[in-house]
Amino acid sequence: MPLVRLAFKILIIVIIYFIIFWSLKIMYRDIKGGNKKKKHGKRLGLEIMKLGEDNSILKLGSVIPIHSKLTIGRNDDNQLVLKDPYVSGHHAVIFLKNNDYVIEDLKSTNGTLLNNAKLEKQSYLNIDDEIAIGEYVFKIIG
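Predicted model only: the values in this text are computed from it and were never measured.

## As for the pattern of salt bridges
Counted according to the given criterion, the structure contains two salt bridges. In this structure, K83 and D76 form a salt bridge, with 3.2 Å as the shortest nitrogen-oxygen distance. Assessed through its relative accessible area of 36%, K83 is described here as partly exposed. Judged by its relative accessible area of 64%, D76 is exposed.

## Quick word on the sheet that holds strand β8 (residues 117–118)
Spatially, the six strands line up as an open sheet ordered β2-β1-β11-β10-β7-β8, and their pairing is antiparallel. Each having just a single partner strand, β2 (63–66) and β8 make up the two edges of the open sheet. As judged from the two bridges shared by strand β7 (residues 112–114) and β8, these two strands associate in the antiparallel manner. The partner of L114 across the bridge, within β8, is A117.

Cut-offs used in this document
Residues numbered from 1 in each chain as written. Predicted model: local features only at pLDDT ≥ 70, side-chain atom pairs only at ≥ 80, totals over all residues. Heavy atoms only, no water. Salt bridge = Lys/Arg side-chain N within 4 Å of Asp/Glu carboxyl O. Buried < 20%, exposed > 50% of the residue type's maximum accessible area, 1.4 Å probe, protein only. Pairing = 2+ DSSP bridges. Helix = DSSP H or I, 4+ residues; strand = E, 2+ residues; numbered from the N terminus.

Rendered as structure tokens:
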């Protein structure tokens, strides 16, 4: 009988130490930011397939990363400046919406083409989509 009591005492002590260890491990994870995996979603970029005539900055085959928002136009306050007479001052914008990228034409004069179709409303972007703005053609890569 004393041997059984000793075994139970040791078992209870081991269980208590296990619970304490497990609790400390959980608290440490919470302090360090938890077990959360950062949601990056997909990262896309614009590969330059065709250039306009007047551009010494962009190079054919270059990739422009798209973060949360990319404004495109002829004005210098855009993130992607395209020096082309067929490009409006604020031509188009690509932005992140619910972990997907969306392109929107900003009522430009000559329009934006997505896969050779005129962009009439916001459209979701997929890998290998082609965007034509003025004389420029971009391909979505990811």
